[in-house]
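Chain by chain, the residues:
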Amino acid sequence: MVALAPSSADAALHGLKVQVRNVSHAFDTNGEQLDVLDEVSFTVQPGAFISLLGPSGCGKSTLLRLIAGLDEPREGKIGANGVRIVGPDPSRLLVFQDPTLYPWRTVRQNVALGLEARGLIREQAHRVDEALDLVGLSAFADVFPNQLSGGMAQRAALARVLVNNPSLLLLDEPLGRLDSLTRMTMQAELLRLWQDAAFTSILVTHDVEEALLLSQQVIVFSHRPARVIGTVDIDLPYPRHRDDPRFVTLRRELLATMGLEHQL
Amino acid sequence: MNKPVQVQTDTATPTDFTLPVEGGVPADGLVARLREHVSVPVAGLLWLGAAAVSAAWPDQTAWSRTTLLAILQAGVGIGLVGSALFLARRPVFKVISEYGLWFGALAVLITAWEVLTAKTGILPLPFFPPPQSILEVYTDDVSRLLESIAHSMLLLLPGYLLGGLVGFTAGVSIGWSKSVHYWGYPILRFVGPLPATAWLPIAFFFFPSTFSAATFLIALSTAFPVAVLTSSGISTVTSAYYDIARTLGADTRFLITKVAIPAALPNVFVGLFMGLGSSFAVLIVAEMMGVKAGLGWYLQWAQGWAAYANLYGALIIMALLFSSLISLLFYVRDRMLVWQKGIVRW
């Protein structure tokens, strides 16, 4: 197995610090304004793994797109290492719920996409194989995406971002469509990749257990328009276990923050 | 590295995905097996029978190519019987046997045609020429036919390629750029439905030669469907593909050439197929109306002389030619869109 990123010694240097300051955002649909984010503020430390937890459709994914630089917030500022984000950048990469691999490209060509777009493919072609190796897809390098299972496709999507050595990984419910077994496997995999490569991770999820298993801090959002209604630090060592008493306590705490105590 | 063991569970072996089915539809049961092995020799015997009918049964009025017809029929028959005897284990026989019933049916059909025309005269001349008279067209009028084929292709191919290129470029521009779409799309929707042949009188008037006018019309008839389908293909590319590429550092040029165009390519080919079909129509009409050469002109000329054998002969050539061109386009498409099948077949 080959590590793609610099060794974890310079982890603090490699991960991006993300600052979200008073961000509000809205969409115009049929002449009506649809508010999706309301005065959202938080900070993610370099190399941290945090989760944005909230009900489906509350606006978390929109926030992720803003951090990726795909859209600009109507109000407020978002910064990476103190620099305002004004557009997309290969240091901040998104993984969507759908793998959205290009069906006309083989797995290898999909993974090579970022290097190709930036004209680095000639010098750094070896990184493509390393990334495929990292997610365990070397045997499927020359296969087209429609021949892959859901889990394998999502691995390929991960390799497609990891090959670019990102300092911030934005995960938009990347495991949402997978069956529960594949999902557990991929959770462990994500954790391993993050621990090895030391990028900052922001995971959007509506799965309380997933947030608890993976992240160091959970930011809880309200229904749309999304506001931050609580922050819970997860002070558990990795790997975490669902039946750990502290895990159970934290889960109760999180559900209470979400206003779901009656679910217990 | 301390990788958890269960991580591997999702990583299956490379044999885990869909495998191609060898050699098409598998023969199932005795009937299919019988058909595969018996149809070819039986068809061969039928062709030999057809040859016997042609040679032994005297024509009502002597045709010069009856002997040649009998020789050719005998040749096909010997070939079929021979392939069943000597090539039965070769892959090529699989292909022959797949069409075994067709070979047999053709022998019966041609014999019936021969009997009803040359041998008994039940179907009257000049509208129902016998098979040997069409053979006569191919042996005696070969130079005129070859010249007509060459003329038609020299008119069709440049026009089609030009139209495909123009339509593709226009389609990409209209599908990609909002301002080009604003001006271009209404024109496409308004003028596009006009059949290219409707422009014929005007084109012959404006262009210096009938050849250039016809090339323009063939290009026009190809360009419209290609442009419409390309632009709709480009504009319906899912925005997630662009988001991915933009975050990975792609510029506009990359987005167009490496994302939009490959994503729209299946649509482009639908347009190219439609364009090819309408370009055939324009070609033949243009050759009948003004261009004094080509297969369309040959049809017109043959009709003028009431030479029905030449008409049928030319129609057969046109069918072969145009279906070959469509097959060629299918081949190109399958090569370029190999990812759609999910199975790599080189």
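Residues numbered from 1 in each chain as written. Chains lettered and ligands numbered in written order. Predicted model: local features only at pLDDT ≥ 70, side-chain atom pairs only at ≥ 80, totals over all residues. Heavy atoms only, no water.

### Observations regarding the packing of aromatic side chains
Right, on to step 1. On inspection of all chains with the given rule, the structure shows 15 aromatic pairs over all chains.
Right, on to step 2. For the pair Phe-49 of chain A and Trp-194 of chain A, a centre-to-centre distance of 5.3 Å together with 80° between the ring planes defines the contact as edge-to-face. Of this pair, Phe-49 of chain A sits in strand S3 (residues 49-53) while Trp-194 of chain A sits in helix H7 (residues 180-197), placing them 145 residues apart in sequence.
Right, on to step 3. Trp-194 of chain A sits in the buried class, given a relative accessible area of 7%.
Right, on to step 4. Judged by centre distance (5.0 Å) and plane angle (90°), the ring pair of Tyr-182 of chain B and Trp-183 of chain B falls under edge-to-face. As far as burial versus exposure is concerned, Tyr-182 of chain B and Trp-183 of chain B are alike and both exposed. (Phe/Tyr/Trp six-rings, centres within 6.5 Å; stacked < 30°, edge-to-face > 60°. Helix = DSSP H or I, 4+ residues; strand = E, 2+ residues; numbered from the N terminus. Buried < 20%, exposed > 50% of the residue type's maximum accessible area, 1.4 Å probe, protein only.)

### Some thoughts on the sheet that holds strand S5 (residues 83-84) of chain A
All names here are of chain A.
Right, on to step 1. With respect to topology, four strands assemble into an open sheet ordered S2-S1-S4-S5, the strand pairing being antiparallel. Each having just a single partner strand, strand S2 (32-44) and S5 make up the two edges of the open sheet.
Right, on to step 2. Looking at chain direction, strand S1 (residues 18-29) and S2 are connected through nine bridges and run antiparallel. Of the residues in S2, the one forming a bridge with Gln-19 is Thr-43.
Right, on to step 3. Where helix H2 (residues 60-68) meets the sheet, it contacts S1, S2 and strand S4 (75-80), and its direction lies at approximately 115° from that of S1. (Pairing = 2+ DSSP bridges. Contact = heavy atoms within 4.5 Å. Axes fitted to C-alpha atoms, helices over the stretch in contact; angles between N-to-C directions.)

### Regarding the side chain of Thr-66 of chain B
Right, on to step 1. Mapped onto the secondary structure, Thr-66 of chain B falls in helix H2 (residues 66-86).
Right, on to step 2. When neighbours within four sequence positions are excluded, Thr-66 of chain B is seen to be in contact with Ser-54, Asp-59, Lys-119 and Gln-132 of chain B.

### Some remarks on the packing of helix H1 (residues 29-56) of chain B against helix H4 (residues 100-119) of chain B
Residue and element names in this part refer to chain B.
Right, on to step 1. The N-to-C vectors of H1 and H4 enclose an angle of 15°; their axes lie 7 Å apart at closest approach. Considering their axes alone, H1 and H4 lie roughly parallel with respect to each other. As for how H1 packs across H4, the hand of that crossing is left-handed. On H4, the residues that touch Arg-35, Ser-39, Val-40, Ala-43, Leu-46, Trp-47, Ala-50, Val-53 and Ser-54 of H1 are Gly-100, Leu-101, Phe-103, Gly-104, Leu-106, Ala-107, Val-108, Ile-110, Thr-111, Glu-114, Val-115 and Lys-119.
Right, on to step 2. Per-class residue counts for the contact of H1 with H4 are 13 nonpolar, five polar and three charged. (Parallel < 35°, antiparallel > 145°, perpendicular 65-115°, else oblique. Left-handed = near helix turned anticlockwise from the far one by under 90°. Nonpolar A, V, L, I, M, F, W, Y, C, P; charged D, E, K, R; others polar.)

### A few points about empty space enclosed by the protein
The method is simple in principle: a probe with the dimensions of a water molecule rolls over the atoms, and the space it marks as empty is what remains.
Right, on to step 1. Applying the stated criterion to the full structure yields two cavities of 30 Å³ or more.
Right, on to step 2. Every residue lining the second largest cavity is listed: Leu-66, Glu-72, Pro-73, Ile-78, Arg-84 and Ile-85 of chain A. (1 Å grid on protein atoms, 1.4 Å probe; cavity = no way out; pocket = protein on both sides within 12 Å on 5 of 7 lines; lining within 4 Å. Points joined across faces, edges and corners; volume = space filled by probe spheres on them.)

### Section: a negative patch on the surface
Residues and elements named next belong to chain A.
Right, on to step 1. A surface patch of like charges, here negative, comprises Asp-35, Asp-38, Glu-39 and Glu-75.
Right, on to step 2. With three residues, the top contributor of residues to the negative patch is S2.
Right, on to step 3. Exposure remark for Asp-38: the relative accessible area of 30% places this residue in the partly exposed category. (Patch = residues over 30% accessible without salt bridge, like charges linked within 9 Å, V, L, I, M, F, W, Y side chains within 5 Å. Areas by Shrake-Rupley, 256 points an atom, 1.4 Å probe, with all protein chains shown as cover. Salt bridge = Lys/Arg side-chain N within 4 Å of Asp/Glu carboxyl O. Lys, Arg positive; Asp, Glu negative; His and termini not counted. Charge placed at Lys NZ, Arg CZ, Asp CG, Glu CD.)

### A short note on the sheet that holds strand S8 (residues 200-205) of chain A
All names here are of chain A.
Right, on to step 1. Pairing within the open sheet is mixed, and its six strands lie in the order S6-S7-S8-S3-S9-S10. Edge strands, defined here as strands with exactly one partner in the open sheet, are strand S6 (92-95) and strand S10 (228-233). Adjacent strand axes in the sheet meet at a mean angle of 15°, parallel and antiparallel pairs treated alike.
Right, on to step 2. Bridge count for S3 against strand S9 (residues 217-221) is four bridges, and the pairing is parallel. The residue bridging Leu-53 from the neighbouring strand is Val-220, located in S9.

### Some remarks on the domain arrangement of chain B
Right, on to step 1. For chain B, the assigned domains are domain 1 (29-125) and domain 2 (142-340).
Right, on to step 2. Placing the centre of domain 1 of chain B and that of domain 2 of chain B at their C-alpha centroids yields a distance of 38 Å. (Domains from an automatic or database assignment.)

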